[in-house]
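Chains, contacts and geometry: an overview
So you can see what is in the structure, the chains are spelled out below.
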Amino acid sequence: MSARPADGRVLVAGVGNVFLGDDGFGVEAARVLAGRSLPRHVEVLDVGVRGVHLAYQLLDGYDTLILVDATARGGPPGTLYVIEPVSTPAPDPADAAPDGHRMTPNAVLALLGTLCAGTGGQPPRRTLVVGCEPACVAEGMGLSGPVSDAVPQAVRLVEDLLGVDREPEPCPPAGKAAT
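To start, this report covers the structure provided alongside it.

**Re the pattern of salt bridges**
Under the counting rule described, the total for this entry stands at 5 salt bridges. A salt bridge links Arg9 to Glu43; its shortest N-O distance comes to 3.9 Å. Separated by 34 residues along the polypeptide, Arg9 in the segment before strand E1 (10-15) and Glu43 in strand E2 (residues 42-48) bring together distant segments of the chain. Looking at Arg9, the relative accessible area reads 35%, which means it is partly exposed.

If you want it as structure tokens, here you go:
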């Protein structure tokens, strides 16, 4: 499953609050992705809790949006998900009023719909969410062990969605089994 056609711009946005434990997952994954060699049509943005900024950024015209975020769906902590939200009817403008304390990805997309209606802009053709099941989103900094361990896997997952070629993993020396 590729995230884009050959000529489309892609925005990978890490979202979350680093002061709420595992909610900082998307921010940490974006930090790692920003240091990787990615195609020129891919932009990585650490959005954090700046959802209004993300909505305005998307007005610059992206074919695909990949949100990376903590996503509670009931699985074991550290479980990764790829979710393609179903398109919904146009949002009620009253529901898209910016509230810096509650800018969930759904609220960002609702605000974007309102902004596009007012400016004639186009939302991304496709949106994907790479989510990680959190263990704890209480006040405190730092990711839990399972969520921290999932960050490199999430980075590889995003690279796979982007069609990024990676160097093959080195083979273990002869006579040694891989662990």
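**Some points on a nonpolar patch on the surface**
The grouping of Val18, Phe19 and Met141 at the surface amounts to a nonpolar patch, some 320 Å² of accessible area in total. Counting through the fold element by element, Val18 comes out in the loop between E1 and helix H1 (25-34).

**Here's the deal with the packing of H1 against helix H4 (residues 145-162)**
Packing of H1 against H4 leaves a shortest axis separation of 9 Å and a crossing angle of 55°. The angle between H1 and H4 falls in the class oblique. H4 is crossed by H1, and the crossing has right-handed handedness. Contact residues: Phe25, Glu28, Ala29, Val32 and Leu33 in H1; Val147, Ala150, Val151, Ala154, Val155, Val158 and Glu159 in H4.

**Comments concerning the sheet that holds E1**
Ordered in space as E2-E1-E3-E5-E4, the 5 strands form an open sheet in which the pairing is mixed. Either end of the sheet is taken by a strand with one partner, and the two such strands are E2 and strand E4 (80-83). Between one strand axis and the next, the sheet turns by 20° as a mean value, whatever way the strands run. In this sheet, strand E5 (residues 126-132) lies alongside strand E3 (residues 64-70) in parallel orientation, the contact comprising 7 bridges. Considered in E5, the bridge of Ala70 is made with Cys132. Where H1 meets the sheet, its contacts fall on E1, E2, E3, E4 and E5, and the angle it forms with E2 comes to roughly 145°.

**Things to note about the nonpolar core**
In this structure, Val12, Phe25, Ile66, Val68, Val130, Val158 and Leu162 are the most contacted members of the largest nonpolar core, which totals 20 residues. Among the elements of the structure, E1, H1, E3, E5 and H4 are those that each provide at least two residues to this core. Ranked by the residues each element gives to this core, the list is headed by H4, at 8 residues. When residues no more than four places from it in sequence are discounted, the contact partners of Val130 are Phe25, Ile66, Leu67, Val68, Asp69, Tyr81, Ala154, Leu157, Val158 and Leu161. Core analysis: the second largest hydrophobic core is formed by 19 residues, Leu11, Ala13, Ile83 and Val108 among them.

**Side note on helix H2 (residues 51-58)**
Note: α-helices contain 3.6 residues per turn, so residues at a spacing of three or four share the same orientation. Listed as buried for H2 are Gly51, Leu54, Ala55, Gln57 and Leu58. One side of H2 carries all its buried residues, which in axial view fall inside an arc of 160°.

**Remarks on the packing of aromatic side chains**
This structure, assessed with the given rule, holds 0 aromatic pairs. The residue whose ring lies beneath Arg9 is Tyr62, and the NZ or CZ to ring-centre distance is 4.2 Å.

What counts and how
- Residues numbered from 1 in each chain as written.
- Predicted model: local features only at pLDDT ≥ 70, side-chain atom pairs only at ≥ 80, totals over all residues.
- Heavy atoms only, no water.
- Salt bridge = Lys/Arg side-chain N within 4 Å of Asp/Glu carboxyl O.
- Helix = DSSP H or I, 4+ residues; strand = E, 2+ residues; numbered from the N terminus.
- Buried < 20%, exposed > 50% of the residue type's maximum accessible area, 1.4 Å probe, protein only.
- Patch = residues over 30% accessible without salt bridge, like charges linked within 9 Å, V, L, I, M, F, W, Y side chains within 5 Å.
- Areas by Shrake-Rupley, 256 points an atom, 1.4 Å probe, with all protein chains shown as cover.
- Axes fitted to C-alpha atoms, helices over the stretch in contact; angles between N-to-C directions.
- Parallel < 35°, antiparallel > 145°, perpendicular 65-115°, else oblique.
- Left-handed = near helix turned anticlockwise from the far one by under 90°.
- Contact = heavy atoms within 4.5 Å.
- Pairing = 2+ DSSP bridges.
- Core = buried A, V, L, I, M, F, W, Y, C linked by side-chain atoms within 4.5 Å.
- Arc of directions from axis to C-beta.
- Phe/Tyr/Trp six-rings, centres within 6.5 Å; stacked < 30°, edge-to-face > 60°.
- Lys NZ or Arg CZ within 6 Å of the ring centre and 35° of its normal.

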